[in-house]
Amino acid sequence: MSDIVIVIFGSPDSRSAQGLAGAAAPLGGASRTVVVEGEYQPEPVLDALVDACRGASVVLLANDTYSQEVAPRLAHRLGGACVGDGVDVRMVDGRLRVTRQVYGGKANAVIELRRSPAVVWLRARSFAVAPITGSFAVSAAQDDRANTRIVERKVAAENDAKLEDAQVIVSGGRGIGGPEGFRDELEPLAKLLGAQMAASRAACDAGWVPPTWQVGQTGKKVAPELYLAVAITGASQHMAGISEAKNIVAINIDPDAPIFKHCRFGIVEDYRKVVPLLRRKLEELRT
């Protein structure tokens, strides 16, 4: 078994650090763990990764904007190859093959990376969660090599945090008709379900909801246990973002909406009639 090196950016006390140590345990454990403390800055992060990944054959990165930013630059610096949004990885004859979705999620492409190291960022929730076991130790710290500086910080609203990790999502589309529908109908429903809010690109582009809510090919890719799509037609670009959802429930007034071909349960009706009934029933169950 080849050596496994874990590189963590952020707090060395985070649950992610323990989780990565647990993921490496069945493979014989990590031979080295590098923790780079401090806020994300691309240059020092890239330098730390280059130092840690020299001689590696495969580099796996998480699904976040930071990984997407550094992955191609890391592959270039190391003379390797890069691919993103992988849903499956496996070694075949000494080369890494990555499966990723194409054509809006309608097909899968298997890409073989012929240069080493193979640098891949993976789609969130495409793999089973590793048990949180094992331990780790700090062996590096971030320095001041950054060519950029942080000039402002904005605290994300609670609903904006980690949409990709949500177990239940209530999402609205163009058919909601305006911000009032999200505020008065969908958000109370999401609160009852303990769900995160999301939206289609059309709703975000219209300015009805924050752009951080956007799910789809050009937005966030999610894999919840339940995805409740309200007034969303189900264009291929949106379906690409929810293809890993375990259960899709659709409410749409159009019986020919494409989303009905992909959902487990579908209701053909105006959401303004259905959502209040759902809220009322959930409130009864809670009491």
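Our subject is the structure that appears above.
Report on the accompanying structure.

Procedures and definitions
Residues numbered from 1 in each chain as written. Predicted model: local features only at pLDDT ≥ 70, side-chain atom pairs only at ≥ 80, totals over all residues. Heavy atoms only, no water. Helix = DSSP H or I, 4+ residues; strand = E, 2+ residues; numbered from the N terminus. Buried < 20%, exposed > 50% of the residue type's maximum accessible area, 1.4 Å probe, protein only. Contact = heavy atoms within 4.5 Å. Lys, Arg positive; Asp, Glu negative; His and termini not counted. Salt bridge = Lys/Arg side-chain N within 4 Å of Asp/Glu carboxyl O. Polar contact = N/O pair within 3.5 Å; in protein donor to acceptor, adjacent residues only side chain to side chain. Axes fitted to C-alpha atoms, helices over the stretch in contact; angles between N-to-C directions. Parallel < 35°, antiparallel > 145°, perpendicular 65-115°, else oblique. Left-handed = near helix turned anticlockwise from the far one by under 90°. Nonpolar A, V, L, I, M, F, W, Y, C, P; charged D, E, K, R; others polar. 1 Å grid on protein atoms, 1.4 Å probe; cavity = no way out; pocket = protein on both sides within 12 Å on 5 of 7 lines; lining within 4 Å. Points joined across faces, edges and corners; volume = space filled by probe spheres on them. Expected span 1.5 Å × (residues − 1). Bend = angle between axes of the 7 residues up to and from the residue.

### What to know about the overall build of the protein
Thought 1: Of regular secondary structure, the protein possesses seven helices and 12 strands.
Thought 2: For the protein, the proportion of its 287 residues judged to be buried stands at 43%.
Thought 3: For the protein, long-range pairs separated by at least 24 residues make up 64% of all intrachain contacts whose partners lie at least 6 apart in sequence.

### Let's talk about the side chain of K220
Thought 1: If you trace the backbone, K220 turns up in the loop between α5 (201-205) and β10 (226-230).
Thought 2: One buried charge, K220, has no salt-bridge partner; the nearest side chain with opposite charge is E164, at 4.4 Å.
Thought 3: In this structure the side chain of K220 is engaged in a polar contact, spanning 3.3 Å, whose partner is the backbone oxygen of T212.

### Some words on the packing of helix α2 (residues 42-53) against helix α3 (residues 65-78)
Thought 1: Running from N to C, α2 and α3 cross one another at 45°; their axes reach a closest spacing of 10 Å. Between α2 and α3, the crossing angle belongs to the class labelled oblique. The two elements α2 and α3 cross, and the hand of that crossing is right-handed. Across the interface between the two elements, P42, V45, L46, D47, L49, V50 and C53 of α2 pack against E69, V70, R73, L74, R77 and L78 of α3.
Thought 2: Tallied by class, the residues present in the contact of α2 with α3 amount to nine nonpolar, no polar and four charged.

### Regarding the layout of surface pockets
Thought 1: Put simply, the second largest pocket is a space of about 420 Å³.
Thought 2: For the second largest pocket, the lining is made up of 25 residues, of which R174, S200, A202, I232 and T233 are closest to its centre.
Thought 3: Mapped onto the lining of the second largest pocket, the elements with two or more residues apiece are α5, α6 (236-241), β11 (248-252) and α7 (271-286).
Thought 4: When its residues are assigned to classes, the lining of the second largest pocket shows eight nonpolar, 12 polar and five charged.

### Here's the deal with unusual backbone geometry
Thought 1: Cis peptide bonds are those with omega within 30 degrees of zero, and the linkage from S116 to P117 qualifies with 5°.
Thought 2: Within the secondary structure layout, P117 lies in the loop between β6 (107-113) and β7 (118-122).
Thought 3: Phi is positive for D93, close to 55°, though the residue is something other than glycine.
Thought 4: Inspection of the secondary structure puts D93 in the loop between β4 (81-92) and β5 (95-102).
Thought 5: Looking at D93, the relative accessible area reads 78%, which means it is exposed.

### Structural notes on the environment of C82
Thought 1: Structurally, C82 can be placed in strand β4.
Thought 2: Residue class for C82 comes out partly exposed when judged on its relative accessible area of 32%.
Thought 3: Remark: the alpha-carbon pair of C82 and V59, spanning 23 residues in sequence, is separated by 9.4 Å.
Thought 4: Excluding its chain neighbours within four sequence positions, the residues that come into contact with C82 are A71, P72, A75, L113 and V119.

### As for α3
Side chains that are three or four residues apart share a direction in an α-helix, a result of its 3.6 residues per turn.
Thought 1: The terminal C-alpha atoms of α3 lie 20 Å apart, and with 14 residues this matches the ideal 20 Å at 1.5 Å per residue to within 8%.
Thought 2: Its maximal kink placed at A71, α3 deviates by approximately 30°, while the proline P72 follows within four residues.
Thought 3: Taken together, the buried positions of α3 are occupied by S67, V70, A71, L74, A75 and L78.
Thought 4: The positive-phi residue at the C-terminal boundary of α3 is G79, with phi of around 75°.

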